[in-house]
Every structure is written in C-alpha cells, then in structure tokens.
Amino acid sequence: MKQICLIFHTHQPVRLKNYRFYEIGGKNSYFNDEYNKRELTFTAKKKFIPINKVLLDIFNNRQLKFKVSFSFTGSTLDLFEAYTPDLINNLKMMNQRGNVEFLGETYSHAFPEEFSREDLILQIENQRKKIFNIFGQTPTSFRNNGSYCNLFLSSILSDLGYKVLLNNTAEVFVSLPHPNTTFQFCEKPDIKLLFGNKDITEAILKSKNITSNKVPMTAEMLTTWINKLPEYQDIVTLFIDFNAIIKDHSTDTTLLDFLRELPTKAKENNIGFITPSEIIKGDNYTAMPISMRSIKSPEELQEMDVVEKPLQNEIRNLLFSLKKRVYQTKNDSLIRTWYYLQDNSNLDALDDKKEFDEDTMKEDFQKTIDTYINLRNILQDLTFKVDHLLEEKNFDFGQTFCLTDTNEVSYEKEPVL
C-alpha cells in the first residue's frame, strides 16, 4: 500500500532590537517585542490559522484516517506561546484527535560548525522537553534542517533514542535516485532515513499562474502519480512550509483546496497516511549508498568559513566563548536567550563576503555593519549579566521576552567541556 508522510514545518527566529551602547548594563530587552508580535500575529492570521482550520476539519472525519506531523524549533514554540496562544490551542486540539506526531529539531537554527556534539545534544534535548511539556509527546523522529551531516546526526540521535531521521535538502547529496524509499545506514541500522520529495512538494506549492498554461498540482494528479510509482517506492514524504502555503497578500486558496481534497482522493485511490515514527513497524528498508551521504562534514564546513567571513566569525567566537559560564548560571531565561542569539538569521546578516546589488550596495553594507555593532553591544551586556548571575544568584536578568512558563522547562545539564 502506498502511503503519504505529510509534514508541516516552520521556523520563526526571535528578532533582535537595535540595542544601543548606553543600554549595556541596564535592564532593557534584546528583543524587538513589537516587531515579533506584529509579524507573528500577521503570519498566524494569514497562514497558520487557515491551514490548521482545514486540518481540524479533516480530522473531524475519522473515516479518512488522516495523519500529519509538525516540526517546530523551540524558539518558534516560545513565540507561539507568547504572542499567538490560539495557535498552540489549535495544535493541542489536533493532537487530542490522535494521528499527529511532533518532530524533534534543534532549539534554534544555528550553523553546524557552532556545535560540538555536546552542544547539539543539549539543543535537541531542550527542544524535545519543550514538545513534551506542551503536547505530552516525546519525539522519536528528528527533522534535519539541512545543516548537518546525516551520518553525524544518526550517531547522536541513536544515542538519544530517536528512530527516524528526516531530510528535505536533496541538493546536499551527490544523487538521490528515488526519494520515496526508507533508507538506513549500515553503521546505525536502528535509525531510518526519509527524504522529502522536493519536486512534488514544489509542484504542489506553485499557485496557478494565470500568465502560463501550467496547471497547479491537484489531489487527483498527486494520487494518480503515486499509484504509478514502482512497488519499492512506497512512501512519499512531503515537507510543507507553513510560510509557503499562502502568499502574504494573496487571496488564492488553491493550496488550501488541495489540502481539503487530498484525504478523500487518497482514500479513493487506496493510499494511506503515515507519520515518520510508524515506518519502523515495516521491514522495507534500503541500505544508504555512499553517494547519497552529505558531501561536507561539519568540520569541513567550519574550515571553509574561518577565513571567508571575519565579522561572522568574530561574533560567533564571542558568543561561544560564553558557553561554559552560560550553562553554569542554570538560568533558564538566559540559556534560552543564548539559543536565540545563535540563530543563523542573526549571523547570516554578517556575511560580509556576499554579493550586494549595485543599486543598494552602500545601504546593504551599512546594514551589515549596524548588525555587527548591535550584536557586539548585546554580547557585551550578556557577558555582564552572566558574570553577575554567577556572583549573585538572584540577579535580575532583565529580558522582557521571558515567558511565564508554566511548563517548567529546565536546562540544568551542562555540556562536557
């Protein structure tokens, strides 16, 4: 029986405000609360809530046996809790209906070379705790956002009790002849690998273009195509980014209509739905060929960046020089803040080697410098607060983006240094 593994994902970084030099040592927040709230509220209204409404309607028809998975970073869930609690309630309602799986990720999206094995484990475990505290699930499937070598991850995930590794970035592989198959490493046979079918996902996400003759992918077209796949290609994994469903200023509901029709068309064509953790119940696995492993390891990626991006590397070094002392504070809010600062959205802006458009070169370069100064100010203040927290346990960290977290997430474990 052919099956669809449908995964919705999104990552929302915590945006920083313009932190002035004279604020260092004070109690002002690093985070642009007004921007974070405005952008997330808008995105939730335009994208997340409409999608979740369609999914909830589908779940109400239990005969469809619909299943779906969600993948969120810890920082994304923090923002949801702070600014869009209705969205959390939507997800809880779907979870209560069953057939929903929440995936593991890192707490923030950071560059792979920033992590030692111990750092990566802490990020994974703290995101896992977040999922458990909100939804009552302990993830056993992990989504690689494309930053990490699969073989490197499989070793870590195996030790943490994960069973499935998912990847949607086929471009980092030499070849991916048939993504609709479950793979496993010979070295770690207890970890199964699923790859997203990017071609099909992109076809689904392309709205109808009135200036061309191309017809958007329909549920009927997809199910017909799936049934024509060879027998050994039995699972089609689709990664759907929430942000790609509806354009910011579009009223086109083509993609929402596709979602509404998919469960019914799948049932008519004898196609089921499956969550990642359920694939381990089968026995149809293919050995992972060498040609499909990541081209570059984290160590190789690090060597590439050391010389090429001096501003980025300087901020990264300052940030990670605080690692040991940050964990020693055992201050949940501070550790979570440290995770937010690691997000690659912050360090991407410091890529001073990127090519600027000629028309905006001066403006773009100034943004890079402003970002660098801003992060330097924040890290100087963070160093000040870390030192005071270690000296005085009841020192007020002073961040306004601090959840009144009834989930009691704890970051007590320290990395091996």
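Quick caveat, the model's predicted, so the values are computed rather than measured.

**Student:** Looking at this structure, how should I read the packing of helix α1 (residues 33-59) against helix α3 (residues 85-96)?
**Tutor:** Helix-helix packing is characterised by the crossing angle of the two axes and by the distance between the axes. In the contact formed by α1 and α3, the axes pass within 10 Å of each other and the chain directions differ by 20 degrees. Put simply, α1 runs roughly parallel to α3. Considering the relative orientation of α1 and α3, their crossing is left-handed. Of the residues in α3, those in contact with Phe48, Ile49, Asn52, Leu55, Leu56 and Phe59 of α1 are Leu87, Asn90, Leu91, Met93 and Met94.

**Student:** Got a minute to help me understand the nonpolar core in this structure?
**Tutor:** Inside soluble globular proteins, nonpolar side chains tend to come together where they are buried. Judged by nonpolar contacts, the single largest core of 80 residues is most densely connected at Phe8, Phe70, Leu222, Trp338 and Leu382. Here this core takes 9 residues from α1, the largest share from any one element. Not counting residues within four places of it along the chain, the set of residues in contact with phenylalanine 8 comprises Ile51, Leu55, Val68, Ser69, Phe70, Ser71, Ile240, Phe242 and Leu259. Grouped together as the second largest cluster of nonpolar side chains are 16 residues, Ile121, Leu153, Tyr162 and Ile191 included.

**Student:** I keep staring at the packing of helix α2 (residues 74-83) against helix α4 (residues 117-135) and nothing clicks. Help me out?
**Tutor:** At their nearest, the axes of α2 and α4 sit 9 Å apart, and the two run at 35 degrees to each other. Contact with α2, carried on its side by Gly74, Leu77, Asp78 and Glu81, involves Gln127, Lys130, Ile131, Ile134 and Phe135 of α4 and no other residues of that element. The class makeup of the residues in the contact of α2 with α4 is 4 nonpolar, 2 polar and 3 charged.

So, how was this worked out
- Residues numbered from 1 in each chain as written.
- Predicted model: local features only at pLDDT ≥ 70, side-chain atom pairs only at ≥ 80, totals over all residues.
- Heavy atoms only, no water.
- Axes fitted to C-alpha atoms, helices over the stretch in contact; angles between N-to-C directions.
- Helix = DSSP H or I, 4+ residues; strand = E, 2+ residues; numbered from the N terminus.
- Parallel < 35°, antiparallel > 145°, perpendicular 65-115°, else oblique.
- Left-handed = near helix turned anticlockwise from the far one by under 90°.
- Contact = heavy atoms within 4.5 Å.
- Core = buried A, V, L, I, M, F, W, Y, C linked by side-chain atoms within 4.5 Å.
- Buried < 20%, exposed > 50% of the residue type's maximum accessible area, 1.4 Å probe, protein only.
- Nonpolar A, V, L, I, M, F, W, Y, C, P; charged D, E, K, R; others polar.

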